[in-house]
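Structural features, examined
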Amino acid sequence: MAEEVSNKQVILKHYVTGYPKEPDMEIKNGTIKLKVPEGSNAVLLKNLYLSCDPYMRSRMQKKEGSYVESFTPGSPITGYGVAKVLESGDSNFKKGDLVWGMTGWEEYSIVTAIHTLFKIHDKDVPLSYYTGILGMPGMTAYAGFYEVCSPKKGETVFVSAASGAVGQLVGQFAKILGCYVVGSAGSKEKVDLLKSKFGFDEAFNYKEEQDFAVALKRYFPDGIDIYFENVGGKMLDAVLLNMKLHGRIAVCGMISQYNLDKTEGVHNLFCLITKRIRMEGFLVFEYYHLYPKYLEIIIPHIKAGKVVYMEDVAEGLESAPSALVGLFSGRNVGKQVVMISHE
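Since this is a predicted model, take the numbers as computed values, not measurements. Along every chain, residues carry numbers that run from 1 in the direction the sequence is written. Totals for whole chains, interfaces and linings use all residues, but because this is a predicted model, local features are given only for residues with pLDDT of at least 70 and pairs of side-chain atoms are given and counted only at 80 or more. Side-chain measures here rest on the full set of heavy atoms in the structure, leaving out hydrogens and waters.

Position of Phe285 relative to the elements: it lies in the loop between strand S13 (278–281) and helix H7 (291–303). Only protein chains enter the accessibility calculation, which uses a 1.4 Å probe; a residue whose area is less than 20% of its type maximum is buried, one above 50% is exposed, and one in between is partly exposed. Of the residues examined, Phe285 reaches a relative accessible area of 43% and is grouped as partly exposed. Measuring from C-alpha to C-alpha, the distance between Phe285 and Gly223 comes to 31 Å, with 62 residues separating the pair along the chain. Helix and strand labels come from DSSP, where a helix needs a run of H or I of at least four residues and a strand needs a run of E of at least two; each type is numbered from the N terminus.

Here it is as structure tokens:
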């Protein structure tokens, strides 16, 4: 008879409009049998770390035709995480394996979508890094910068939301390549980090700027070659005015728009024509085939100290709703992670 244990879970109570709030979620105590269903190729996971990511906001509302399914009210939230395999019905995974991928916001999960799990081989780095620099955000930065933007040494690069999970890496990748890099962030602390810790050439607090277009002209008097877009709205409008001929824009996210009932329009799109700008949206899962190549590059960089990564770690599943909500007010400094268990 399989052991049945308590299983604390984070439940979405209802679909959300406007900014998400902690009371939109609740902590519930369920139970789970520590056994994979008979004949199933599922894996039973003990979750160790959960990843808080801005894209999760769109899953908190009813959306048809999105690239990712909406959460189900009354059920646990799901997202990227790091976990330990307790039992496996799939020959690719065995008891004791460490994995990262899609899992539940709960202490234990049974995952049937095996294709969303990646086995962790290199354990000489913090396991939490697989929610960030060695997981989805790392691949997002790598694919968006190198594959979408086709950067060249000496080019000028602007990164918005630059101290976040993805932005801090894009800036460092650009510096390694020999680019001039400027980032925007929402506090003096974050601006200082961009310059002192992540090696950006310049950075500014967008909350202190009256006119984004003027601010960008100050840092890019000759224009921007590459814009890594994380925020949308007024910042995108200002960037379009400051792009160079044949500039490239990788559209990764638009966090300024996620909680608005009516999204803001963009007024300077004519610049795409006059400046022959290429603006391309992308989704990281279309680039996961490059993950082994990415690891070969990034792990030596981490171990040599060429790339640094900053995390904001909340402890305990109870802290997960607050951590997730905090993303949308910029409360986190670095990649927001929730630690559930040390193993």
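Once you've had a look at it, read on.
Where helix H4 (residues 212–219) contacts helix H5 (residues 233–242), the two axes come as close as 8 Å, and the packing angle between them is 45 degrees. When the axes of H4 and H5 are compared, the pair comes out oblique. The chirality of how H4 crosses H5 is right-handed. For the pair H4 and H5, contact is made by Phe212, Ala213, Leu216 and Lys217 and by Lys234, Met235, Ala238, Val239, Leu241 and Asn242, respectively. Lys, Arg, Asp and Glu make up the charged group, whereas Ala, Val, Leu, Ile, Met, Phe, Trp, Tyr, Cys and Pro make up the nonpolar group; the residues left over, Gly among them, are polar. Its residues placed into classes, the contact of H4 with H5 shows 7 nonpolar, 1 polar and 2 charged. Interaxial angle, 0 to 180 degrees, is taken between N-to-C directions of lines fitted to C-alpha atoms, where a helix line uses only the stretch in contact. Working definition: roughly parallel below 35 degrees, roughly antiparallel above 145 degrees, roughly perpendicular at 65 to 115 degrees, and oblique for all remaining angles. By convention the crossing between two helices is left-handed if the near helix lies anticlockwise of the far one by an angle smaller than a right angle, and right-handed if it lies clockwise. Contacts: residue pairs with any heavy atoms within 4.5 Å of one another.

Residues are called lining when one of their atoms sits within 4 Å of a cavity or pocket point, these points coming from a 1 Å grid over the protein atoms alone, where a cavity is a set in which a 1.4 Å probe fits but cannot get out and a pocket is an open set with protein on both sides within 12 Å along at least five of seven lines. Grid points are joined across faces, edges and corners, and a volume is the space filled by probe spheres set on the points. Within this model, the second largest pocket holds a volume of roughly 380 Å³. Considering the residues around the second largest pocket, the lining is formed by 19 residues, among which Arg59, Glu69, Pro76, Thr78 and Thr103 are closest to the centre. Contributions of two or more residues to the lining of the second largest pocket are made by strand S5 (98–104) and strand S6 (108–111).

A word on the pattern of salt bridges. Whenever Lys or Arg places a side-chain nitrogen within 4 Å of a carboxyl oxygen from Asp or Glu, that contact is recorded as a salt bridge. Considering all chains together, one arrives at 16 salt bridges under this definition. Between Glu280 and Arg278 there is a salt bridge, with the nearest N and O atoms lying 2.9 Å from each other. The partly exposed category is assigned to Arg278, whose relative accessible area is 35%. A cluster of three or more residues bridged by salt bridges with shared partners is formed by Lys94, Asp97 and Lys119.

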